[in-house]
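# Remarks on the overall topology
This is what each chain is made of:
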Amino acid sequence: MLKLGVNIDHVATVREARYRGLGRGEPDPVAAALDCEAAGAHGITAHLREDRRHIQDRDVHALRKKIKTRLNLEMALSEEIIRIALELKPDIVCLVPERRQEVTTEGGLDVASNLRAVSDTRLRMNERGIEASLFISPEPAQIDAAAKSGAQFIELHTGSFADACAAGEEADGKRELDRLVAGANQAHDLGLKVNAGHGLNYVNLPLLHQVPHLVELNIGHSIVSRAVAVGMRRQWRKCWP
């Protein structure tokens with residue numbers, strides 16, 4: 001069965017827009033994670049960025065204590081964040097590229113050019129009983145490098161596929177879907193488990209089911225956006241019957 005991991009980063013984005021630096025505030029990403037679990041989510045994903053733009057240290061520690069499913073910590077190859085992960089002991093970490101000027105994670109991790117650093121971090125995680133995943137574009141060289149690193153998982157970056165679908169570019173969408181299919185097959189043949197995520201929503205998800213060997217999809221922004229829209233209508237009726 002294909003699993004769903006819910007990324008709760010942008011619940012924290014809304015909170016930080018009003019309560020940054022106060023150590024409190026709403027909405028609470030941990031409460032949102034528990035609601036997702038109660039609704040059937042198979043895991044929770046949170047990205048502790050170096051600039052702490054949304055998820056804060058207190059959030060990941062609370063998530064580790066409170067959730068009952070699988071905690072996936074997204075993180076950069078930063079010694080500060082690596083040490084936090086080793087102490088936190090999430091079920092799995094996903095190594096991602098990170099640039100401070102980006103709005104959200106753009107592109108996949110360049111494993112091929114950073115193989116030694118990725119491999120060393122993967123080993124440190126595995127020695128603590130933490131599985132390692134690499135967020136990469138569906139490029140043969142990157143998938144080969146991921147296998148060489150010893151990672152247990154890759155997460156295929158579906159952003160280009162999602163962008164093509166959103167733009168209504170059928171030919172581009174088909175080409176990106178074919179890349180994901182080829183990448184998943186290559187990874188499976190190399191012994192890697194395959195997750196996918198970035199930009200997935202109710203519209204493009206049916207097409208993604210053509211990609212084989214998928215274990216889990218990580219979806220965040222579209223779920224949070226939908227929750228805002230649905231919740232706004234319900235809250236309005238409650239406030240103004």
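Note: the structure precedes this text.
We now turn to the structure provided with this report. Source: prediction; values computed, not measured. (Residues numbered from 1 in each chain as written. Predicted model: local features only at pLDDT ≥ 70, side-chain atom pairs only at ≥ 80, totals over all residues. Heavy atoms only, no water.)

## Considerations on the overall build of the protein chain
Across its full length, the protein chain carries 10 helices and eight strands. Expected size for 241 residues packed as a compact globule is a radius of gyration near 18 Å; at 18 Å, the protein chain falls within 12% of this value. Dimensions of the protein chain along its principal axes, counting C-alpha atoms only, are 55 × 45 × 35 Å. Of the contacts formed within the protein chain by residues at least 6 apart in sequence, a portion of 67% connects residues at least 24 apart. Accessible area of the protein chain: about 12,200 Å², with a carbon and sulfur share of 53%. (Helix = DSSP H or I, 4+ residues; strand = E, 2+ residues; numbered from the N terminus. Rg over C-alpha atoms; globule rule 2.2 N^0.38 Å. Contact = heavy atoms within 4.5 Å. Areas by Shrake-Rupley, 256 points an atom, 1.4 Å probe, with all protein chains shown as cover.)

## Let's talk about the sheet that holds strand E7 (residues 193-197)
Read around the closed barrel, the eight strands follow the order E1-E2-E3-E4-E5-E6-E7-E8; overall the barrel is parallel. Sheet twist, expressed as the average angle between the axes of neighbouring strands with direction ignored, equals 25 degrees. As defined by bridge partners, strand E4 (residues 92-95) adjoins strand E5 (residues 131-136) across four bridges and the pair is classed as parallel. From the neighbouring strand, cysteine 94 faces E5, where its bridge partner is serine 133. Strands strand E3 (70-75), E4 and E5 of the sheet are contacted by helix H5 (residues 115-127), whose axis makes an angle of about 150 degrees with E5. (Pairing = 2+ DSSP bridges. Axes fitted to C-alpha atoms, helices over the stretch in contact; angles between N-to-C directions.)

## Comments concerning the environment of alanine 227
Along the polypeptide, alanine 227 turns up in helix H10 (residues 221-239). Separated by 216 residues in the primary sequence, alanine 227 and valine 11 place their C-alpha atoms 10.0 Å from one another.

## Examining the pattern of salt bridges
What the rule picks out here adds up to 13 salt bridges. Here arginine 15 and glutamate 16 are joined by a salt bridge, their closest N and O atoms 2.8 Å apart. Like arginine 15, the residue glutamate 16 is buried in the burial classification. Close ionic contact of lysine 174 with aspartate 178 constitutes a salt bridge, the shortest N to O distance being 2.9 Å. Of this pair, lysine 174 and aspartate 178 are both found in helix H8 (residues 170-189), four residues apart, which corresponds to roughly one turn of the helix. Judged by its relative accessible area of 47%, lysine 174 is partly exposed. Ionic contacts of the salt-bridge type, sharing partners, join the residues Arg15, Glu16 and Asp59 into one network. (Salt bridge = Lys/Arg side-chain N within 4 Å of Asp/Glu carboxyl O. Buried < 20%, exposed > 50% of the residue type's maximum accessible area, 1.4 Å probe, protein only.)

## Details of the packing of helix H7 (residues 159-166) against H8
At their nearest, the axes of H7 and H8 sit 8 Å apart, and the two run at 160 degrees to each other. Between H7 and H8, the angle falls in the class roughly antiparallel. As H7 packs across H8, the resulting crossing turns out to be left-handed. Here Ser160, Phe161 and Ala164 of H7 come into contact with H8, specifically with Asp172, Gly173, Glu176, Leu177 and Leu180. Of the residues belonging to the contact of H7 with H8, the class tally is four nonpolar, two polar and two charged. (Parallel < 35°, antiparallel > 145°, perpendicular 65-115°, else oblique. Left-handed = near helix turned anticlockwise from the far one by under 90°. Nonpolar A, V, L, I, M, F, W, Y, C, P; charged D, E, K, R; others polar.)

## A few points about helix H6 (residues 140-149)
Those residues of H6 that sit buried are Gln142, Ile143, Ala145, Ala146 and Ser149. Buried residues of H6, viewed axially, fall in a sector of 160 degrees; they line one side. The exposed set on the far side of H6, more than 90 degrees from its buried face, consists of Pro140 and Lys148. Looking one or two residues past H6, glycine 150 carries a phi angle of roughly 90 degrees, positive in sign. (Arc of directions from axis to C-beta.)

## Details of the packing of aromatic side chains
Describing an aromatic ring pair means giving the distance of the ring centres and the angle of the ring planes. As enumerated under the stated definition, the model contains zero aromatic pairs in all. Seen from the ring of tyrosine 19, arginine 18 lies directly overhead, with NZ or CZ sitting 4.9 Å from the centre. (Phe/Tyr/Trp six-rings, centres within 6.5 Å; stacked < 30°, edge-to-face > 60°. Lys NZ or Arg CZ within 6 Å of the ring centre and 35° of its normal.)

## Regarding the packing of H6 against H8
The N-to-C vectors of H6 and H8 enclose an angle of 25 degrees; their axes lie 10 Å apart at closest approach. Comparing the axis directions of H6 and H8 gives the class roughly parallel. Of the two possible hands of crossing, H6 and H8 adopt the one that is right-handed. Contacts between H6 and H8 involve Pro140, Ile143 and Asp144 on the former and, on the latter, Gly183, Gln186 and Ala187. Taken together, the residues that form the contact of H6 with H8 break down as three nonpolar, two polar and one charged.

Keep in mind these numbers describe shape, not what the thing actually does.
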